[in-house]
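# Breakdown of the fold
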Amino acid sequence: MDTKISSLVIALAVASMALTPLIMIQNADAASFKCENQSGKPHAWITGCKDGWYDHDHCLSYSPGSGDYAKGYKVGWAKGSC
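This text gives an overview of the structure that appears in the document.

## Considering the state of the cysteines
In the structure shown here, the tally under the stated rule is one disulfide. Across the disulfide, Cys 35 is cross-linked to Cys 49 (sulfur-sulfur distance 2.0 Å). With the S-S dihedral at roughly -65°, the linkage between Cys 35 and Cys 49 falls on the left-handed side. Of this pair, Cys 35 sits in helix H1 (residues 2–36) while Cys 49 sits in helix H2 (residues 43–57); the two residues are 14 residues apart in sequence, bridging distant segments of the chain. With relative accessibility at 0%, the residue Cys 35 sits in the buried group. For Cys 49, a relative accessible area of 2% puts it in the buried group.

Cut-offs used in this document
- Within any chain, residue numbers begin from 1 and follow the written order of that chain's sequence.
- Confidence filtering applies because this is a predicted model: local features only for residues at pLDDT of at least 70, side-chain atom pairs given and counted only at 80 or more, and all residues used for totals across whole chains, interfaces and linings.
- Side-chain numbers come from the whole structure's heavy atoms, not from hydrogens or water.
- Pairs of cysteine sulfur atoms within 2.5 Å are what we label disulfides.
- Strands are runs of DSSP state E lasting at least two residues, helices are runs of H or I lasting at least four, and both sets are numbered from the N terminus onward.
- Note on exposure labels: buried denotes an accessible area under 20% of the residue type's maximum, exposed denotes more than 50%, and partly exposed covers the range between, all computed with a 1.4 Å probe on protein chains only.

From the geometry alone we can't say anything about function, so treat these as descriptive.
Encoded structure:
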């Protein structure tokens, strides 16, 4: 019985490690799609949005910069999750 449970735990651990990259890629794709679909926003804002989302998803430090880039970064950061 213990062998079956141990095997199941190992299988779940391996499966979760295998699926983690897929989840991270989906988050990056969502950032690209949602940031680019903001109509009327300047290119710097869109770039900041993507960078903020990426940084927060990868647990990097908050570094917004300035101007339109910083405004977009703040929005992207709020959508990311660490």
